[in-house]
Amino acid sequence: MNDNDQWPRQVVITGLGLVTSIGLGAEEFLAGLRAGRSGAKPITAFDTSGFAHSYGCEVADFDPAEWIRTFQPEELGRATQFSVAAANMAVADAGIGAEELRGRRTMVSVGTTDAESRDLDLLVGEQLDKGPEHLTPGIARRAHASRLSTSIVRELGLTDVEALTIPTACAAGNYAIGSGYDAIRAGDVDVALCGGADAVCRKTFAGFYRLGTIAPEVCQPFDRDRKGILTGEGAGILMMESLESARARGARIYAEVLGYGLTCDAHHPVAPDQDSLARCMALAHRNAGITEADVDFISAHGTGTKANDVTEAGAIRQVFDTPPPTVSIKSMVGHSMGAASALGSAACALAIAEGFIPPTINHRETDPECGLDCVPNKARPAELTVVQNNALAFAGNNAVLILGRHREAA
Amino acid sequence: MSALVFSTWSAVSPYGVGSEPFRTGIQAGRSAIGALDRAAFPGPFTEGALVPDFNAADHIGRKGTRTMDRVTGIAVTAVGLLLADGGPELTSRPEETGLVLGTGSGSVQSIMDFTRDSLVGERPYHVDPARFPNTVMNRAAGQSAIWHGIKGPNTTIAGGRLTGLTALSYAARLHRGGHCARVLCGAAEEYSEQRAWLEWHGRDGDDRTSPLGEGGAVFLLETAEDARAAGRRVRARLLTTRFRAFAEPSDARAALAECVRDALKQAGARAGEVRVVAPAETGGHLAGTEEAAIGDVLGSAGPRLLGSRALLGDTSAATAGLQLAAVLSLLDDEETPPGALALVTAVDRDGTAGCALLAAATNEES
């Protein structure tokens, strides 16, 4: 801890690790966001016969051996492979050496919806084929949610570290980033590697399909003809550190984390609640020390279901006199579950650093019930100062994160 | 140092439902491990420590409990007991109350049953939509909030055997960050056939047959001022938590010892002040690690070691939560001097170590 630090400390994002269906690494992800690339394609993760439609946003061409050093790929489930790969990318992107990182007190915090449910799917298959006495021990060992964070610790050889996995479903990425923000801000740790990871699995696809919320081929958030979500996968890990730490090593700063808010609807297992989400946004603004008028664009949860988009738009209008442009990158990367708000946060950080608002693709006609400027189909150049990243989850868990441009005082 | 104290708490454990049976069971050192009902719980184990005759409907009512899985029932029941014990003031500001609950991977039974239905049904989407939320790992925390109307931050934490400690650290930070005025914090784990098979196949050889347990514990963390104003007795003060990681099992002992030294240093306390230590008693290739590390820092003639694995079985993600409950049970003992320190430790096979340091309430506090 540096005695020259201002208290509470400022927290900045200095590295991004991204495993997404529209590109691996910050540069490719950025190119995808600018171009409005789509990650949608037929699902290959499991046998989809019997489903009338089965598109998703899988990460194709991911070779774990290319991104992971300490582990043999088969020691890790797919979601953990994503989280470890993204952590390696974030550290490399931040330009901090492995030794230097090991000398810092660190937090590793990874959000998820399903953790290694894909492995649990595999084990059910083994049970049906051979009986429960004959499961592959390596898969049983790696199928734990805690592995998403502890495997990053192992990969990087960290010792002075607090590791946690936050399985708060589809808002988990924002939760994890918030936990790192609080820890750095208070001086508990110097560095935090935070984000989210998930892998496409049969269990979750079948569940959403049964609920009638899977779109046949494209995800069209806020569109009059939207038909639902496309399940996706990937990981986003953000390297966060105190401003003093970033300055001391001359690091590039993408954005500053200004604050966040959390609320629970305490109302319904799957249906969102407008008032509770509005309260969450207001809490986030207060925590970040901003007002709604400061927000230059919103990266929405924007799943593309009837219920989410109308409720979320309603909550935005409840809080904002004049809603700013509100986009959903899920139109491009699908709903990557626990990784979703981490990818959204990374997109916000890149948007601030590069001066543009990512588009909502597949857009034809805005639903008047939503009534938002969703930056249809083409990225828009913009000077951004404050941006907001929304996340909602099953069980009524909401998390809203606020990022801002970091300006060095003259 | 944390500003938080432990006041009201509850447990749903193999000793029964409530903090009182837990306290008596732990104080008496009685084992709750017994023969499993093999019809209800087939699988590789013949013995286990289950919450006796547990049925959530008996405790929280029949309505809405049909589709609730076992771990959700345990959590909702434990939170309900705590709220009842804490008095009406506790539910008067639902927006300012947080809930942080530790889990393994939610209910692996619910998740795997759902996949099974998709694989063996006539159509792959012939799954029960009402049970879909059970397959998402924040179900127990979220349903506890829905059931009891808790509207503050609602977070699910997974940290292997350290889960209860990780959740505690997260909860304290949530409070300090201004996200809630007080926070219910705990951990829960269910016994299920699928969890049993995963443990059986995933554990080290010599640890394989060690019986499993289940249960949950929830604690109210609040400021001493709030506890006093509401007439809730302060049981202990949370001093600090510390965590480290180790690459090789041979480094686990040093990693945990370092955590304990740091925690004492941060609290400005001496090793001799620690009266009780509750280790997780992690087995397999880490067996004995915690006891050795505790000896390294606190000396061989040190504190009373309060192990509960022989009494409650291996409760996986609930382990550290139940250790905390065991420590609070013991601190309630009239022989415990006010201000005495207690330590909860854990190591996990995935290479993490951690501890929490508590101080029994002083005369002014209680």
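Keep in mind the model is a prediction, meaning the values are calculated, not measured.

A word on the overall build of chain A. The helix and strand tally for chain A stands at 14 helices and 15 strands. Its C-alpha atoms give chain A a radius of gyration of 20 Å, within 12% of the compact-globule value 22 Å for 410 residues. The principal-axis extent of the C-alpha atoms belonging to chain A is close to 65 × 55 × 40 Å. Considering chain A as a whole, with its 410 residues, one finds that 68% of them fall into the buried category.

To continue, consider the overall build of chain B. When helices and strands are tallied, chain B shows twelve helices and 14 strands. Against the 2.2 N^0.38 benchmark of 21 Å for 366 residues, chain B shows a C-alpha radius of gyration of 20 Å, consistent with a compact globule. Here the C-alpha coordinates of chain B stretch approximately 65 × 50 × 35 Å along the principal axes. Within chain B, buried positions represent 67% of all 366 residues. Of all intrachain contacts in chain B linking residues separated by at least 6 positions in sequence, the fraction that spans at least 24 positions is 77%. A total accessible area of about 12,100 Å² is found for chain B, and carbon and sulfur atoms account for 47% of it. Each charge sign in chain B was given a centre, from 35 positive and 43 negative side chains, and these centres are 3 Å apart.

Often the size quoted for an interface is simply the accessible area lost on bringing the parts together. Facing the 74 residues of chain A at the interface are 66 residues of chain B. When chain A packs against chain B, the two sides together hide about 5,800 Å² of surface, and 60% of this comes from carbon and sulfur. Counting across the interface, chain A meets chain B through seven salt bridges. Among the salt bridges present, the one from B:R244 reaches A:D160, with a minimum N-O distance of 3.6 Å. In this structure, the connection of chain A to chain B is made through 27 residue pairs in polar contact (both at pLDDT 80 or more). Going through the elements one at a time, α5 (117-130), α6 (137-142), α7 (147-156), β6 (161-166), α8 (172-185), α9 (202-210), β9 (255-264) and α11 (274-288) of chain A are the ones with two or more residues in the side of chain A that touches chain B.

A few words on the domain arrangement of chain B. Residues and elements named next belong to chain B. By the assigned domains, chain B splits into domain 1 (4-229) and domain 2 (238-360). Its C-alpha centre places domain 1 at a distance of 22 Å from the equivalent point of domain 2. Contacts between the two partners involve 47 residues from domain 1 and, on the opposite side, 44 residues from domain 2. Summing the contributions of domain 1 and of domain 2, the shared interface buries around 3,600 Å²; its carbon and sulfur component is 63%. The largest per-residue losses of area from domain 1 upon contact with domain 2 belong to R161, L162 and L165, which jointly make up 24% of the total buried on that side. Linking domain 1 with domain 2 are three salt bridges. Close ionic contact of D207 with R309 constitutes a salt bridge, the shortest N to O distance being 3.2 Å.

Moving on, we come to the nonpolar core. If you look at the biggest cluster of nonpolar residues, it comprises 121 residues, and the most contacted ones within it are A:F29, A:M240, B:F6 and B:F22. Among the elements that make up this core, the one with the highest residue count is helix α12 (residues 319-331) of chain B (nine residues). Sequence-distant contacts of A:M240, that is, excluding residues within four places in its chain, are made with A:V11, A:V12, A:I13, A:I177, A:G180, A:Y181, A:I184, A:D190, A:V191, A:A192, A:C194 and A:V257. Listed in part, the 59 residues of the second largest apolar core include A:F62, A:F71, A:V161 and B:W197.

Okay, the domain arrangement of chain A next. All names here are of chain A. According to the domain assignment, chain A consists of domain 1 (12-248) and domain 2 (259-404). Put simply, the middle of domain 1 and the middle of domain 2, counted by C-alpha atoms, are 20 Å apart. Listed by partner, the interface residues are 61 residues for domain 1 and 65 residues for domain 2. Roughly 4,800 Å² is buried in total at the junction of domain 1 and domain 2, and carbon and sulfur atoms are behind 65% of that figure. When the buried area of domain 1 at its contact with domain 2 is split by residue, N174, F222 and R226 rank highest and sum to 19% of it. Put simply, domain 1 and domain 2 have four salt bridges between them. The partner of D367 in a salt bridge is R226, and the shortest N-O contact between them spans 2.8 Å. Where domain 1 meets domain 2, there are 26 residue pairs in polar contact (both at pLDDT 80 or more).

So, on to the sheet that holds strand β4 (residues 47-49) of chain B. Residues and elements named next belong to chain B. Strand order in the open sheet formed by three strands is β3-β4-β8, with mixed pairing between adjacent strands. Of all the strands in the sheet, just β3 (34-35) and β8 (212-213) have a single pairing partner and so form its edges. Alignment of β3 against β4, held across two bridges, turns out to be antiparallel. Its bridge partner being in β4, A35 is matched across the sheet by E47.

Of all ten residues that make up α7(A), nine are buried, and the element is covered over most of its length. Immediately downstream of α7(A), the backbone of A:G157 shows phi near 65 degrees, a positive value.

About the cut-offs
Residues numbered from 1 in each chain as written. Chains lettered and ligands numbered in written order. Predicted model: local features only at pLDDT ≥ 70, side-chain atom pairs only at ≥ 80, totals over all residues. Heavy atoms only, no water. Helix = DSSP H or I, 4+ residues; strand = E, 2+ residues; numbered from the N terminus. Rg over C-alpha atoms; globule rule 2.2 N^0.38 Å. Buried < 20%, exposed > 50% of the residue type's maximum accessible area, 1.4 Å probe, protein only. Contact = heavy atoms within 4.5 Å. Areas by Shrake-Rupley, 256 points an atom, 1.4 Å probe, with all protein chains shown as cover. Lys, Arg positive; Asp, Glu negative; His and termini not counted. Charge placed at Lys NZ, Arg CZ, Asp CG, Glu CD. Buried area = accessible area lost by both parts, 1.4 Å probe. Salt bridge = Lys/Arg side-chain N within 4 Å of Asp/Glu carboxyl O. Polar contact = N/O pair within 3.5 Å; in protein donor to acceptor, adjacent residues only side chain to side chain. Domains from an automatic or database assignment. Core = buried A, V, L, I, M, F, W, Y, C linked by side-chain atoms within 4.5 Å. Pairing = 2+ DSSP bridges.

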